[in-house]
Amino acid sequence: VTITTRLLVSHLSGIRHYEKDITKVKEEKGKANRALKLTKSHQDKEQKEKEDKGIEKTDFVKQKKEHDGETKSRNPKPGRKDKEFEQEEYYLKEKFESVIESLKIFKNDPLFFKPGSQFLYSTYGFTLLSAVVERASGQKFTDYMLKMFHDLDMLSTVLDDNEAMIYNRARCYVYNKKGRLVNAPYVDNSYKWAGGGFLSSVGDLLKFGNALLYSYQAGQFKNRNGKLLPGYLKPGTVAMMWTPVPKTEVSWDRDGKYAMAWAVVEKNQQYGCCRQQRHYASHTGGAVGASSVLLILPEELDPEALGTWPVAPPRGVIVTIICNMQSVSLNSTALKIAREFDKEKQA
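Going by the annotation in an unreviewed UniProt entry, the name recorded for the protein chain is LACTB protein, with Cnemophilus loriae given as the source organism.

1. Some thoughts on the packing of aromatic side chains
Tallied over the full model, the rule gives 13 aromatic pairs. Judged by centre distance (6.3 Å) and plane angle (55 degrees), the rings of Tyr-124 and Tyr-191 are tilted. In this pair, Tyr-124 is assigned in helix α5 (residues 123–137) and Tyr-191 in the loop between β3 (181–183) and β4 (198–199), connecting sequence segments 67 residues apart. Given a relative accessible area of 0%, Tyr-124 falls into the buried group. For Tyr-191, a relative accessible area of 1% puts it in the buried group. One aromatic cluster is present, formed by Tyr-18, Phe-85, Tyr-90, Tyr-91, Phe-106, Tyr-124 and Tyr-191 through successive ring pairs.

2. A short note on the side chain of Ser-130
Residue placement: Ser-130 occurs in helix α5. Classification of Ser-130 as buried rests on a relative accessible area of 1%. Separated by 2.6 Å, the side chain of Ser-130 and the backbone oxygen of Thr-127 make a polar contact. Every residue in contact with Ser-130, bar those within four places of it in the chain, is listed here: Val-99, Phe-141 and Ala-194.

Each value, and the rule that gives it
Residues numbered from 1 in each chain as written. Predicted model: local features only at pLDDT ≥ 70, side-chain atom pairs only at ≥ 80, totals over all residues. Heavy atoms only, no water. Phe/Tyr/Trp six-rings, centres within 6.5 Å; stacked < 30°, edge-to-face > 60°. Helix = DSSP H or I, 4+ residues; strand = E, 2+ residues; numbered from the N terminus. Buried < 20%, exposed > 50% of the residue type's maximum accessible area, 1.4 Å probe, protein only. Polar contact = N/O pair within 3.5 Å; in protein donor to acceptor, adjacent residues only side chain to side chain. Contact = heavy atoms within 4.5 Å.

In structure tokens:
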């Protein structure tokens, strides 16, 4: 078979994730799909009832329902583990000198499906992607990334190396079987730098989001007397990264599809005065003892005003949340925050 970097970056490669048993993976995907269908069916039924009766729920009832749903996803029963974190390979302690060396963990395992035919989120797919970067650049992947972080002014973003003394590094926590908070166990992330091995701060992730949003929008603004610098990436590159890829899915956002290393929700409104879907890109992060999200909500630009200076990119709302607690659902919270700031800007 042929596996391309595009298949890797969109999780269509067929390379396994932490679960080695394909039967269990199929069972879990089947359950998730059935749950999604039930949820959508229930939402459609509710919407139809509202339209028939012409009655909207009060803001208080809506907020309570949203709050209850968010609380359930955020606070599982004490002591109950997220199944994802029951996989042994999350807790590897072996140190690898290069990402190419770390490929030995999965390189002899069979593919779960023909590349390009199905979606399966795979951290190891990104380990292979980082090995491609390492081979193509002729330098260690970690050195390559740290240089990139320096260019982006992300000076607080470093390797999550247990041996190094890192100023202001937060301690991470998990719930034990008795439902009590305990320190997260020791792990060595050298087997998956690209898939969850960097430490960062809220400030640095905002810089990263702004750099991407600026790059995305820079081509839409008129460059007056060279005042507008180019983006870190070409506008077309970011647009391609934020274009949904067929056959993909997103576990943390039912409205989204996977693109290239980002989950993307496209702009959509089918009926007047009904549900409106804004274009945004996001990605959550889950590690032993930590959770995170970065969400970018681009502003809907007025083509006639794009040449008016000093209006310049980036235009939109960027939300990031980092939590030193395992298995915390953050995407819907980030989206609510982004929408509130967007309302303020429009007002």
